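Notes for the structure review
The residues making up each chain are set out below.
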Amino acid sequence: MAKPGFKRLVLAYTLGAAAALTLFALNARPATAATFCESECGSPTPSPSPTYSPSPTPGASPSPSPSPSPSPSPSPSQAPSPTPTPTGSDSSGNSVNGLANQRFNQMITNRVLGTVLLGVNEQVNCSDCISAFGSAGSFSAGIHGRKELTPNLSLLAGIAYTQYSEGGYHITSAPIGAFALRYDFTDWGSSRPFFDVGTILTPWEKARYTRSYNTSLGPVSVTSSTDASNYAVFGRAGWISRLSSRDEVAASIEVWQLWQRVSGYADNTVAFNPFDATIATGTDRTSLVKIGGQWTHLFAGNIETNINGGWVQSFASHSGIVATVTGDGMVVPTMGNQGWFEYGGRLGFRVQKGWVVDLFANGTLGPQPVGNTIHGGVGLRINY
């Protein structure tokens with residue numbers, strides 16, 4: 001009976017030990033599995049939580065701002081670019097030659113307008129007359145005429161108010177007066193010589209001259225005002241032929257001496273004129289020789305026509321300009337000899353006995369500084 005009890009005791013002990021081992025194994029496997037999974041499955045390691053900075057409490061005193069440190073000196077690459085210095089003083093000096101050309105043209109134009117007062121568009125020999133006229137192209141208005149002093153000697157005279165411009169200059173408030181004496185050898189017959197001596201005077205005129213030049217920063221144009229005056233004397237020798245009661249032809253040679261006085265002035269103030277100039281008072285002068293002719297014809301007893309023209313050559317020309325130009329010093333331009341053609345014409349309508357309405361034109365053809373010009377107008381002429 002004792003043996004079976006011992007066997008049961010051993011069996012019970014064995015079963016209890018097996019159960020204890022089983023429980024230990026079950027408790028140890030989950031931890032091992034969890035550790036293995038965490039190392040092999042690659043689950044991301046959690047990021048640390050951000051640190052929270054609390055906002056400043058309203059009303060709290062702000063932290064003091066740091067004192068500003070001095071600004072560093074700009075580096076050479078940050079320095080402002082200097083304003084470029086313009087060049088062009090040589091162009092400014094050359095522009096004085098343009099002023100000399102303007103003043104030469106002024107002398108010639110003044111003379112052309114003055115010859116209208118001396119009957120340049122009329123026949124050499126005719127009765128006493130007086131004419132009132134106005135012209136455009138260059139504005140001119142005045143009167144002129146002729147008076148027979150003796151059978152051989154006549155007085156030609158006139159006065160006008162003019163304004164004209166050409167090639168950069170402008171003349172205003174310019175009264176022109178002219179007179180001449182003509183000696184016609186009428187006692188020699190229908191073909192005979194004649195002689196004129198006379199003068200043209202413009203004692204005062206308002207002048208504006210424009211000087212233009214180029215610089216590296218752009219072009220410059222300066223217009224300045226001053227006073228001027230013109231004087232001329234001439235002598236003329238010619239031959240006239242009365243071909244018929246309706247036709248008269250004449251040829252002549254003329255010698256002129258011209259003077260032009262211009263008061264000194266400086267460039268007007270403009271926004272940009274780095275090479276300004278000062279022009280001293282001076283006198284321009286030139287001598288001229290003209291060889292020309294004319295033809296006057298009467299159509300149908302009541303239409304008068306006249307054409308005239310000639311070649312003009314200047315010599316001994318001198319510019320009175322002495323300019324002081326910034327950057328270029330003293331500049332004195334030279335004037336060469338010039339040659340050009342002068343022309344004129346008239347178409348007259350005898351509206352009644354002794355009354356003639358005239359259309360006329362005068363001008364020049366040639367290179368600069370004289371150039372191509374035309375001055376035309378209308379007049380009412382009374383013969384008596």
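Above: the structure in question.
Please read all numbers here as calculations on a predicted model, not as lab measurements.

Within the chain, the secondary structure is distributed over 2 helices and 16 strands. Looking at the chain alone, contacts between residues at least 24 apart form 65% of all its contacts between residues at least 6 apart. Summed over its atoms, the accessible surface of the chain is roughly 21200 Å², and 63% of this surface lies on carbon and sulfur atoms.

So, about the sheet that holds strand 7 (residues 247–262). Taken in spatial order, the 12 strands close into a barrel running 1-2-3-4-5-6-7-10-11-14-15-16, and their pairing is antiparallel. If you compare each strand with its neighbour and ignore which way they point, the axes differ by 20° on average. Pairing analysis gives 11 bridges linking strand 14 (residues 339–352) to strand 15 (residues 355–365), with the strands arranged antiparallel. Looking at the pairing, Arg 350 lines up with Val 356 of strand 15. Helix 2 (residues 89–116) rests against strand 2 (139–148), strand 3 (153–166), strand 4 (169–184), strand 5 (191–215), strand 6 (218–242), strand 7, strand 10 (282–299), strand 11 (303–318), strand 14, strand 15 and strand 16 (373–383) of the sheet, and its axis sits at about 150° to strand 5.

Turn by turn, an α-helix covers 3.6 residues, leaving residues three or four places apart pointing in a common direction. For helix 2, which comprises 28 residues, the first-to-last C-alpha distance of 42 Å matches the rise-based estimate of 40 Å (1.5 Å per residue) to within 8%. For helix 2, the tally of buried residues reaches 22 of 28 residues, placing the bulk of the element in the interior.

Considering the arrangement of structural elements, one finds Asn 362 in strand 15. Within polar-contact distance, the side chain of Asn 362 engages the side chain of Asn 121 at 2.9 Å. With residues near it in sequence (within four places) discarded, Asn 362 still touches Val 112, Val 116, Val 120, Asn 121, Tyr 343, Gly 344, Thr 373, Ile 374 and His 375.

A probe as big as a water molecule, rolled over the atoms, marks out the empty space that is left. The final tally for this structure, using the stated rule, is 5 cavities of 30 Å³ or more. Here the largest cavity defines a volume of roughly 370 Å³. Around the largest cavity, the lining is made up of 30 residues, and of these Thr 115, Val 120, Arg 236, Glu 254 and Lys 290 lie nearest the centre. Of all elements in the fold, only helix 2, strand 4, strand 6, strand 7, strand 10, strand 11, strand 14 and strand 15 reach the threshold of two or more residues within the lining of the largest cavity. Counting residues per element, the lining of the largest cavity draws most heavily on strand 7, which supplies 5 residues. For the lining of the largest cavity, the class distribution of residues is 11 nonpolar, 11 polar and 8 charged. Put simply, the second largest cavity is a space of about 100 Å³. In this structure, the second largest cavity is lined by Val 116, Gly 119, Val 120, Asn 121, Glu 122, Ser 131, Phe 133, His 144, Arg 346, Asp 358, Phe 360 and Gly 379. For the lining of the second largest cavity, the elements supplying multiple residues, two or more each, are strand 1 (129–136) and strand 15. Class assignment of the residues belonging to the lining of the second largest cavity gives a composition of 4 nonpolar, 5 polar and 3 charged.

The next thing to look at is the packing of aromatic side chains. A full pass over the atoms with the stated rule returns 10 aromatic pairs. Considering the side-chain rings of Phe 185 and Phe 195, the 6.0 Å spacing of their centres and the 75° angle between planes classify their relative orientation as edge-to-face. On the criterion of sequence distance, the pair formed by Phe 185 in the loop between strand 4 and strand 5 and Phe 195 in strand 5 is long-range, its members being 10 residues apart. Members of the aromatic cluster, joined through ring pairs, are Tyr 183, Phe 185, Trp 188 and Phe 195. Sitting over the ring of Trp 256, Arg 111 keeps its end group 4.7 Å from the ring centre.

What counts and how
Residues numbered from 1 in each chain as written. Predicted model: local features only at pLDDT ≥ 70, side-chain atom pairs only at ≥ 80, totals over all residues. Heavy atoms only, no water. Helix = DSSP H or I, 4+ residues; strand = E, 2+ residues; numbered from the N terminus. Contact = heavy atoms within 4.5 Å. Areas by Shrake-Rupley, 256 points an atom, 1.4 Å probe, with all protein chains shown as cover. Pairing = 2+ DSSP bridges. Axes fitted to C-alpha atoms, helices over the stretch in contact; angles between N-to-C directions. Expected span 1.5 Å × (residues − 1). Buried < 20%, exposed > 50% of the residue type's maximum accessible area, 1.4 Å probe, protein only. Polar contact = N/O pair within 3.5 Å; in protein donor to acceptor, adjacent residues only side chain to side chain. 1 Å grid on protein atoms, 1.4 Å probe; cavity = no way out; pocket = protein on both sides within 12 Å on 5 of 7 lines; lining within 4 Å. Points joined across faces, edges and corners; volume = space filled by probe spheres on them. Nonpolar A, V, L, I, M, F, W, Y, C, P; charged D, E, K, R; others polar. Phe/Tyr/Trp six-rings, centres within 6.5 Å; stacked < 30°, edge-to-face > 60°. Lys NZ or Arg CZ within 6 Å of the ring centre and 35° of its normal.

These values are about where atoms sit, not about what they do.
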